Amino acid sequence: MIQTISKTITFDEFVAWYPENSVHKYELHNGVIVEMPLGTGDHSDVRGFLSSEINFEIRRLQLPYSIPGDCLLKLSRDEAGYQPDVIVLDRTALANEPRWKKESVITMGSSVRLAVEVVSTNWQDDYLVKVADYERLSIPEYWVVDYAALGGRRFIGNPKQPTISVYQLVDGEYQISQFRGDDTVESLAFPELKLTAEQIFLAGLPN
């Protein structure tokens, strides 16, 4: 990650600053604008595969959901704003989002059905910071897809192995389930989705 501005700013200042039609992706971390690095080819493949498979499930079941091209999550902390690798929104809830139409900003966890982060070198953000922020915003389901086993051993085991950590909100707190290898990933948002962890890690390609 590359820090772009040293002084701390608010989320609203971040939105006002955000370059229109930017080829780069930015997030706000603790009041500091951070340029997110370009993902590797494998990272992009995994993200694209998940978006396609989830979007197919949305269409198959005719669910009132969408995967937006651009979306900023405003966290309960005013000095943070994220762009998940994949985010599924409940379109019926967007009418209650005051900033969606003009700014593509989501302010309520109830508008989100699923958020996904595909792990890269800044894995601490996905496993530590974003878990807490997404739980605080009451996002009902959050996946951390660690296809390259980059996360710390306390998160993915010892020896480290590729793992999908699924956090689901139960009584206001995240409960975690983990999936590896031939395990079928279990999702509250998409209970009929039939994908194994290995299929996701390989972006649907054969071994």
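How each quantity is defined
Residues numbered from 1 in each chain as written. Predicted model: local features only at pLDDT ≥ 70, side-chain atom pairs only at ≥ 80, totals over all residues. Heavy atoms only, no water. Helix = DSSP H or I, 4+ residues; strand = E, 2+ residues; numbered from the N terminus. Contact = heavy atoms within 4.5 Å. Areas by Shrake-Rupley, 256 points an atom, 1.4 Å probe, with all protein chains shown as cover. Lys, Arg positive; Asp, Glu negative; His and termini not counted. Charge placed at Lys NZ, Arg CZ, Asp CG, Glu CD. Core = buried A, V, L, I, M, F, W, Y, C linked by side-chain atoms within 4.5 Å. Buried < 20%, exposed > 50% of the residue type's maximum accessible area, 1.4 Å probe, protein only. Expected span 1.5 Å × (residues − 1). Phe/Tyr/Trp six-rings, centres within 6.5 Å; stacked < 30°, edge-to-face > 60°. Pairing = 2+ DSSP bridges. Axes fitted to C-alpha atoms, helices over the stretch in contact; angles between N-to-C directions.

**Quick look at the overall build of the protein chain**
Step number 1: Counting its regular elements, the protein chain contains six helices and 12 strands.
Step number 2: Each principal axis of the C-alpha atoms in the protein chain carries an extent, and together these give about 45 × 40 × 35 Å.
Step number 3: Restricting to contacts in the protein chain with at least 6 residues of sequence separation, those with at least 24 account for 59%.
Step number 4: In the form shown here, the protein chain has an accessible surface area of approximately 10,600 Å², with 48% of it arising from carbon and sulfur atoms.
Step number 5: Positive and negative side-chain charges in the protein chain, numbering 19 and 30 respectively, have mean positions lying 2 Å apart.

**A few points about the nonpolar core**
Step number 1: Leu114, Val116, Trp143, Val145, Ile164, Phe190 and Ile200 are the most contacted members of the largest nonpolar core, which has 26 residues in total.
Step number 2: Where this core is concerned, the elements lending two or more residues are α2 (41-61), β7 (86-90), β9 (112-118), β10 (141-146), β11 (163-170) and α6 (197-201).
Step number 3: Per-element accounting of this core gives the leading share, five residues, to α2.
Step number 4: In contact with Phe190, not counting residues within four places along its chain, are Ile54, Glu57, Ile58, Leu63, Tyr65, Val88 and Leu114.
Step number 5: Counting 25 residues, the second-largest nonpolar core is a separate cluster that includes Leu73, Val119, Tyr167 and Tyr174.

**Notes on unusual backbone geometry**
Glycine aside, the phi torsion of most residues is negative, and most peptide linkages are trans.
Step number 1: Looking along the chain, the bond that leaves Asn158 and enters Pro159 is cis, with omega of 5°.
Step number 2: Locating Pro159 in the fold gives a position in the loop between α5 (153-156) and β11.
Step number 3: Even without being glycine, Ser104 reaches a positive phi, approximately 55°.
Step number 4: As for its placement among the helices and strands, Ser104 is situated in the loop between α3 (100-103) and β8 (105-106).
Step number 5: Here Ser104 falls in the partly exposed class, since its relative accessible area comes to 26%.
Step number 6: With phi around 50°, Asp171 is a residue other than glycine that occupies positive phi space.
Step number 7: By the element assignment, Asp171 lies in the loop between β11 and β12 (173-179).

**Some words on α2**
Step number 1: Along its 21 residues, α2 runs 30 Å from first to last C-alpha, staying within 8% of the 30 Å computed at 1.5 Å per residue.
Step number 2: Those residues of α2 that are buried are in contact with β4 (65-66), β7, β9, β10 and α6.

**Observations regarding the packing of aromatic side chains**
Step number 1: Across all of its chains, the model carries 14 aromatic pairs by this definition.
Step number 2: Ring plane angle 65° and centroid distance 6.1 Å describe the contact between Trp123 and Phe155, whose orientation is recorded as edge-to-face. On the criterion of sequence distance, the pair formed by Trp123 in helix α4 (residues 123-136) and Phe155 in helix α5 is long-range, its members being 32 residues apart.
Step number 3: Where Tyr134 meets Tyr142, the ring centres are 4.7 Å apart and the plane angle is 90°; that geometry is what we call edge-to-face.
Step number 4: A residue is classified by how much of its surface remains accessible, and Tyr134, at 0% relative accessible area, is buried.
Step number 5: Classification of Tyr142 by relative accessible area gives buried; the value is 0%.
Step number 6: Members of the aromatic cluster, each reached through a chain of ring pairs, are Phe11, Phe14, Trp17, Tyr18 and Tyr26.

**Brief notes about α4**
Step number 1: Compared with an ideal rise of 1.5 Å per residue, which puts 14 residues at 20 Å, α4 spans 19 Å between its outermost C-alpha atoms and is within 8% of the ideal.
Step number 2: Regarding α4, the residues found buried are Asp125, Asp126, Tyr127, Lys130, Val131, Asp133 and Tyr134.

**What about the environment of Cys71?**
Step number 1: Structurally, Cys71 is set in the loop between β4 and β5 (72-74).
Step number 2: Judged by relative accessible area, which is 5%, Cys71 ranks as buried.
Step number 3: Each residue touching Cys71, except ones within four places of it in the same chain, is listed here: Tyr82, Gln83, Ile87, Leu89, Trp100, Ser104 and Ile106.

**Considering the sheet that holds β4**
Step number 1: Strands sit in the order β4-β7-β9-β10-β11-β12 across an open sheet of six strands; the sheet is mixed. Single-partner strands in this sheet number two, and they are β4 and β12.
Step number 2: Its contacts with the sheet place α2 against β4, β7, β9 and β10, and it is angled at close to 160° to β9.
Step number 3: Most of the contacts of α4 go to β10, to which it runs at about 170°, and overall it touches β9, β10, β11 and β12.

Remember, this is a structural readout, not a statement about activity or role.
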